[in-house]
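Geometric and topological summary
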Amino acid sequence: MLTDTEPFVRYAAKSTYFIDNMLIARDCRILFIISGKGSFELLSGTHPLLPGTLVYYPAGTPYHIRATSEMLFYTVNFDFTSEMRTEKRAFVPNVYRPNTPIEAISCGIPIVFREPIVIRHGEFAETELKKIYSESLRSQPCAELASSAYMKLLLINIYRNAAITSEQPSLNMRIKDCVANDLTLNNIQIAERLSYHPYYLNEVFKKSEGISLHQYIMRERLARAKDLITATNRSFESIAQECGFSSDSHLSRSINREYGITPSKMRKL
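The structure reproduced in this document is the subject of the present report. Sequence order sets the numbering: in each chain, residues are counted from 1 along the sequence as written. This being a predicted model, a pLDDT of at least 70 is required before a residue's local features are given, and a value of 80 or more before pairs of side-chain atoms are given or counted; all residues contribute to the totals for chains, interfaces and linings. In computing side-chain values, all of the structure's heavy atoms are included and hydrogens and water are not.

Comments concerning the packing of helix H5 (residues 198–209) against helix H6 (residues 213–231)
A pair of packed helices is characterised by two quantities: the angle between their axes and the separation of those axes. All axes are obtained by fitting lines to C-alpha atoms, using only the stretch in contact for helices, and the reported angles, taken between N-to-C directions, cover 0 to 180 degrees. The numbering of helices and of strands both runs from the N terminus, where a helix is a DSSP run of H or I of at least 4 residues and a strand a run of E of at least 2. Taken N-terminus to C-terminus, the directions of H5 and H6 make an angle of 70 degrees; their axes are 8 Å apart at the nearest point. Comparing their axes, H6 and H5 come out roughly perpendicular. Mapping the contact onto sequence places Leu201, Asn202 and Phe205 in H5 and Leu213, His214 and Tyr216 in H6. For this scheme, ten residues count as nonpolar: Ala, Val, Leu, Ile, Met, Phe, Trp, Tyr, Cys and Pro. Four count as charged, namely Asp, Glu, Lys and Arg, and the remainder, Gly too, count as polar. Among the residues making up the contact of H5 with H6, the classes are represented as 4 nonpolar, 2 polar and no charged. Roughly parallel here means an angle under 35 degrees, roughly antiparallel means over 145, roughly perpendicular means 65 to 115, and every remaining angle is called oblique. Between two residues, a contact is recorded if the distance between any of their heavy atoms is within 4.5 Å.

Structure (structure tokens):
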């Protein structure tokens, strides 16, 4: 996969300039939006470009970048292998012409990177992109080697985050089902049931939902407890037990902190 990859950075920039036309990438490329808004158009569809968006697209990809407000972005052109580095790619046209067949370029590109990847929350990439850009400004010994090392780390993180993104819809649904069926479960117990590491499970959930798994569990526990307090005459101890609170006093503190009222007063309303 990425084990034998030795990336070569052809070009790195921090820029606001782009060509307003449908182009064809002559090498593999990464785009990261620092500020501004726009869209990234592929033949398969259009993706919004917002601060934090990261786009990877392989050599031979027709693409069009449009800006709706001035965008500041990092852009990196690179090859995965030294063999790709020596290719001139003169056979790849620069501007896309409709109805013109385009031969996909796959030589030297790992399978997982042969299609474009769009990651909405790509802030994880900014550290390596800054370093790659910084090395491109230097004429010091080992700058090329350092850029290659940073690029490989960046590709690993892109692969990891792309995998998380692709899993989000189905995995999040399974997480929510676990919580709905048993409010007493915590993060670790849910991870064990779904056969995932708790840290990974939380990362997947948070990327999609915007809150941690623990926060989601507490929100669901409090909502269920409130419904039982106001709609039934069950004891607070029984409600606490069903909703995953360690005791009725724990339930009372949590309800008061969330809603600003005790369970007893809530029931009288």
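Topic: the nonpolar core
Side-chain atoms within 4.5 Å link the members of a nonpolar core, which is a set of buried Ala, Val, Leu, Ile, Met, Phe, Trp, Tyr and Cys residues. Note on exposure labels: buried denotes an accessible area under 20% of the residue type's maximum, exposed denotes more than 50%, and partly exposed covers the range between, all computed with a 1.4 Å probe on protein chains only. Ranked by internal contacts, the top residues of the largest apolar core, which has 28 residues, are Ile190, Leu201 and Phe245. Among the elements of the structure, helix H3 (143–181), helix H4 (187–194), H5, H6, helix H7 (236–242) and helix H8 (248–259) are those that each provide at least two residues to this core. Among the elements that take part in this core, H6 stands out by supplying 8 residues, more than any other. Sequence-distant contacts of Phe245, defined by excluding residues within four places in its chain, comprise Met218, Arg221, Leu222, Ala225, Ala240, His250, Leu251 and Ser254. Formed by 25 residues, the second largest nonpolar core is a distinct cluster that contains Val9, Cys28, Ile132 and Leu154.

Considerations on H5
Multiplying one less than the number of residues by 1.5 Å gives the expected span of a helix. Compared with the 16 Å implied by 1.5 Å per residue over 12 residues, the 16 Å span of H5 between its first and last C-alpha is a close match. Considered for burial, the residues of H5 that qualify are Leu201, Asn202, Val204 and Phe205. Around the axis of H5, the buried residues are gathered within 160 degrees of arc, so they sit on the same side. Phi turns positive one or two residues past the end of H5, at Gly210, with a value near 85 degrees. Picture the helix axis, draw a direction to every C-beta atom, and the arc is the one those directions span.

Comments concerning the packing of aromatic side chains
Between rings of Phe, Tyr and Trp, where Trp is taken as its six-membered ring, a pair exists when centres lie within 6.5 Å; planes separated by under 30 degrees are stacked, by over 60 edge-to-face, and by other angles tilted. Here the structure, examined in full by the defined rule, presents 11 aromatic pairs. Seen from their ring centres, Phe80 and Phe113 are 5.5 Å apart, and the 45 degrees between their planes marks the pair as tilted. Of this pair, Phe80 sits in the loop between strand E6 (62–79) and helix H1 (82–86) while Phe113 sits in the loop between H1 and strand E7 (117–119), and the two are 33 residues apart along the sequence. With respect to burial, Phe80 and Phe113 carry one shared label: buried. One aromatic cluster in this structure is built from Tyr56, Phe78, Phe80 and Phe113.

Side note on unusual backbone geometry
Unusually for a residue other than glycine, Ser195 sits at a positive phi of about 60 degrees. A relative accessible area of 65% means that Ser195 is categorised as exposed.

Some thoughts on the environment of Pro116
If you trace the backbone, Pro116 turns up in the loop between H1 and E7. Once the C-alpha coordinates of Pro116 and Thr61 are considered, the two residues, 55 residues apart in sequence, prove to be 7.9 Å apart. Ignoring sequence-local partners within four residues, the contact set of Pro116 consists of Leu42, Tyr56, Tyr57, Pro58 and Thr61.

Let's talk about the pattern of salt bridges
Once their charged atoms are close, side chains differing in charge can pair, the charge on each being opposite to the other. Salt bridges are defined as contacts in which a side-chain nitrogen from Lys or Arg sits within 4 Å of a carboxyl oxygen from Asp or Glu. Counted by the stated rule, this structure contains 9 salt bridges. Across the pair Arg224 and Glu242 runs a salt bridge whose closest N-O atoms are separated by 3.3 Å. Residue Arg224 is found in helix H6, and its partner Glu242 is found in helix H7; the two are separated by 18 residues along the sequence. Here Glu242 makes a salt bridge to Arg234, at a shortest N to O gap of 2.8 Å. Here Glu242 falls in the partly exposed class, since its relative accessible area comes to 30%. One network of salt bridges, in which partners are shared, links Arg10, Asp27, Arg29 and Asp79.

Quick look at the environment of Ala162
Note that Ala162 resides in helix H3. Assessed through its relative accessible area of 19%, Ala162 is described here as buried. Distance from Ala162 to Val112, taken between C-alpha atoms, is 9.6 Å for residues 50 residues apart in sequence. Those residues in contact with Ala162, other than ones at most four positions away along the chain, are Ile117 and Ile119.

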